[in-house]
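Descriptive structure summary
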Amino acid sequence: MKPVAISGTGLYTPPLSISNDELVECYNRYVERYNSEHADGIAAGSVAALAPSSSEFIVKASGIRSRHVVDREGVLDVDIMRPRIRMRGDEEPSLMCEMGLAAAHEALERAGRTPADIDCVIVACSNMQRGYPAMAVEIQQALGCTGYAYDMNVACASAAFGIQAAADTVRSGSARAALVISPEICSGHLNWRNRDCHFIFGDAATAVLIEPMETATSANRFEILGTRLLTQFSNNIRNNFGFLNECEVPQRRWDDVLFHQEGRKVFKEVVPMVSELMLAHLGDLGVDPQAVRRFWLHQANLGMNNLIAKRVLGREPDEIEAPVILDEYANTSSAGSVIAFHKYHADLTAGDIAVLCAFGAGYSAGSVVMRRY
Ligand code: COA
């Protein structure tokens with residue numbers, strides 16, 4: 001088995017963004033309208049009045065201040081409250097393909113590689129734009145890579161699962177080099193009318209290039225010392241969207257096919273699961289957690305990230321040890337930990353140890369331990 005490296009990362013950030021204040025202003029207009037339309041029911045006690053949201057709550061509960069989105073107008077239009085995305089013909093590139101492609105090109109460029117060097121493309125993310133053909137095969141063709149491509153979905157942990165799949169593939173010699181691409185259009189599965197979660201998600205795409213250490217030339221490469229994955233079934237983060245929705249009798253409620261969660265339970269159950277996974281993984285690799293220079297954690301919630309890092313380190317992490325991109329990007333599902341990696345790795349020096357750790361629905365969690373070349 002040959003040692004493998006992450007030799008380049010890429011990031012696509014949609015140019016549009018929405019601040020908490022803009023989001024809350026729209027949500028609260030929706031609440032006023034709903035409450036006035038249901039005034040009689042609310043007065044009679046048969047309808048529950050909706051309560052307003054607030055920017056202060058959002059920052060305090062999550063650390064999120066804004067989010068990038070593929071469409072602002074639809075989300076901020078109280079009559080629509082969802083992104084409006086032009087339907088494209090079968091001959092046009094899909095939106096996920098476009099976003100993933102931009103990230104992939106940057107990863108290739110940073111690694112000093114061209115599409116001809118890649119023969120495995122994995123799209124690893126929470127939602128696919130269609131059933132088939134696989135998004136990865138479309139991106140493979142758009143890049144001009146030979147070999148093979150496939151999609152995988154392990155929710156917010158998808159990038160870590162994709163990195164393990166790619167690392168194993170390259171280690172075994174099944175592919176010379178592999179790209180793991182995570183295009184996330186979270187705004188499309190977010191319920192913008194649910195106060196408990198309307199602020200949580202944003203859109204972005206990332207890419208990670210994996211190749212053998214012996215052929216990697218990028219000055220920024222990280223040797224993968226080990227990967228470890230864990231899953232444990234839970235209904236606490238769920239989205240019932242699927243190909244049988246139209247066939248189901250009776251039909252599901254409109255909001256059952258969007259993201260919904262028991263946020264408190266997720267917090268309580270995922271923090272120990274993820275910190276124990278990282279501690280065990282580091283222990284088995286003979287790495288003292290205190291020697292880890294950087295944690296690129298899934299960006300779900302600031303409190304959650306801090307607590308996970310604290311359990312691993314045995315003390316509060318500082319912003320350099322566990323960088324945060326949540327404030328600008330919100331939760332971008334599988335892209336989050338890779339965005340943190342992409343933006344905050346250049347200062348690490350040869351021999352520094354770092355961990356990328358992603359977690360989410362499933363439950364699912366993955367840890368990737370690396371050493372800076
Ligand atoms: N504005 C103002 N108040 C709000 C609000 C909003 N947008 N949303 C909820 N509240 C209120 C609640 O009604 C509740 O009021 P109460 O105390 O009177 O009942 C109070 O604020 C606390 O709500 P709660 O849902 O318990 O907040 P929280 O501190 O648990 O934070 C999350 C909510 C979702 C941010 C948090 O649970 C979380 O991040 N969990 C991790 C799960 C996660 O990130 N999953 C993503 C997939 S990996």
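For the structure, see preceding data.
Okay, so let's go over this structure. (Residues numbered from 1 in each chain as written. Predicted model: local features only at pLDDT ≥ 70, side-chain atom pairs only at ≥ 80, totals over all residues. Heavy atoms only, no water.)

Let us look at the packing of helix 4 (residues 95–111) against helix 5 (residues 135–143). The contact between helix 4 and helix 5 brings their axes to 10 Å, and the two run at 55°. As judged from the angle between their axes, helix 4 and helix 5 are oblique. Here the hand of the crossing between helix 4 and helix 5 comes out right-handed. Across the interface between the two elements, Met96, Cys97, Gly100, Leu101, Ala104, His105 and Leu108 from helix 4 touch Met135, Glu138, Ile139, Ala142 and Leu143 from helix 5. (Axes fitted to C-alpha atoms, helices over the stretch in contact; angles between N-to-C directions. Helix = DSSP H or I, 4+ residues; strand = E, 2+ residues; numbered from the N terminus. Parallel < 35°, antiparallel > 145°, perpendicular 65-115°, else oblique. Left-handed = near helix turned anticlockwise from the far one by under 90°. Contact = heavy atoms within 4.5 Å.)

One pass over the structure, following the stated rule, counts 8 aromatic pairs. When the ring of Tyr30 is compared with that of Tyr34, the centres are 6.2 Å apart and the planes differ by 50°; the resulting orientation is tilted. Residue Tyr30 and its partner Tyr34 are both found in helix 1 (residues 20–37); the two are separated by 4 residues, about one turn of the helix. Judged by its relative accessible area of 13%, Tyr30 falls in the buried class. Through a chain of ring-to-ring contacts, the aromatic side chains of Tyr27, Tyr30 and Tyr34 assemble into a single cluster. Against the face of Tyr373 rests Arg221, its NZ or CZ located 3.7 Å from the ring centre. (Phe/Tyr/Trp six-rings, centres within 6.5 Å; stacked < 30°, edge-to-face > 60°. Buried < 20%, exposed > 50% of the residue type's maximum accessible area, 1.4 Å probe, protein only. Lys NZ or Arg CZ within 6 Å of the ring centre and 35° of its normal.)

What follows concerns the packing of helix 7 (residues 263–284) against helix 8 (residues 302–313). Their axes nearest at 9 Å, the elements helix 7 and helix 8 cross at an angle of 35°. Along this stretch, helix 7 crosses helix 8, giving a crossing that reads as right-handed. Between helix 7, through Val266, Phe267, Val270, Val271, Pro272, Val274, Ser275, Met278, Leu279 and Leu282, and helix 8, the contact on the second element is made entirely by Gly303, Met304, Leu307, Ile308, Arg311 and Val312. Tallied by class, residues from the contact of helix 7 with helix 8 come to 13 nonpolar, 2 polar and 1 charged. (Nonpolar A, V, L, I, M, F, W, Y, C, P; charged D, E, K, R; others polar.)

A few words now on a negative patch on the surface. Among the surface-exposed residues, Asp318, Glu319, Asp327 and Glu328 lie close enough to one another that they form a single negatively charged patch. Here Glu319 falls in the exposed class, since its relative accessible area comes to 70%. (Patch = residues over 30% accessible without salt bridge, like charges linked within 9 Å, V, L, I, M, F, W, Y side chains within 5 Å. Areas by Shrake-Rupley, 256 points an atom, 1.4 Å probe, with all protein chains shown as cover. Salt bridge = Lys/Arg side-chain N within 4 Å of Asp/Glu carboxyl O. Lys, Arg positive; Asp, Glu negative; His and termini not counted. Charge placed at Lys NZ, Arg CZ, Asp CG, Glu CD.)

The full count for this structure, using the stated rule, is 20 salt bridges. Between Glu223 and Arg371 there is a salt bridge whose closest N-O contact spans 3.3 Å. Here the residue Glu223 occupies a position in strand 8 (residues 222–231), and Arg371 occupies one in strand 13 (residues 364–372), the gap between them amounting to 148 residues. Classification of Glu223 as buried rests on a relative accessible area of 18%. The partly exposed category is assigned to Arg371, whose relative accessible area is 33%. Ionic pairing is found between Arg252 and Glu248, a salt bridge with its closest N-O pair at 2.7 Å. Linked by salt bridges that have partners in common, Glu248, Arg252 and Asp256 make up one network.

What follows deals with the site of the ligand. In the neighbourhood of the ligand, 20 residues make up the surrounding shell, with Ser53, Arg195, Gln261, Arg264 and Asn301 lying closest. Contact distances for the ligand include 2.7 Å between an oxygen atom and a side-chain N or O atom of Arg195. The separation between a nitrogen atom of the ligand and a polar side-chain atom of Gln261 is 2.7 Å. Elements with a minimum of two residues in the shell around the ligand: helix 3 (55–62) and helix 7. It is helix 7 that provides the largest number of residues to the shell around the ligand, a total of 4 residues. Of the residues that constitute the shell around the ligand, the class distribution is 8 nonpolar, 9 polar and 3 charged. (Near = heavy atom within 4 Å. Polar contact = N/O pair within 3.5 Å; in protein donor to acceptor, adjacent residues only side chain to side chain.)

Attention shifts here to the sheet that holds strand 11 (residues 292–297). Strand order in the open sheet formed by 9 strands is 5-4-6-7-1-8-13-12-11, and the pairing between neighbours is mixed. Each having just a single partner strand, strand 5 (148–152) and strand 11 make up the two edges of the open sheet. Here the strands of the sheet are splayed against their neighbours by 25° on average, with no regard to which way each runs. The pairing of strand 12 (residues 353–360) with strand 13 spans 8 bridges and is classified as antiparallel. Paired with Cys357 across the two strands is Ser367, which belongs to strand 13. Of the strands in this sheet, strand 11 and strand 12 touch helix 8, which is tilted by about 150° from strand 11. (Pairing = 2+ DSSP bridges.)

Of all hydrophobic cores here, the largest spans 53 residues; its most connected members are Val274, Met278, Phe295, Ile308, Val355 and Phe359. No other element matches the 8 residues that helix 7 contributes to this core. Ignoring any residue separated from it by four or fewer positions in sequence, one finds Phe359 in contact with Cys156, Ala157, Val270, Val274, His298, Ala300, Met304, Asn305, Ile308, Ser364 and Ala365. Ala167, Phe341, Leu348 and Leu356 belong to the second-largest nonpolar core, a separate cluster that totals 33 residues. (Core = buried A, V, L, I, M, F, W, Y, C linked by side-chain atoms within 4.5 Å.)

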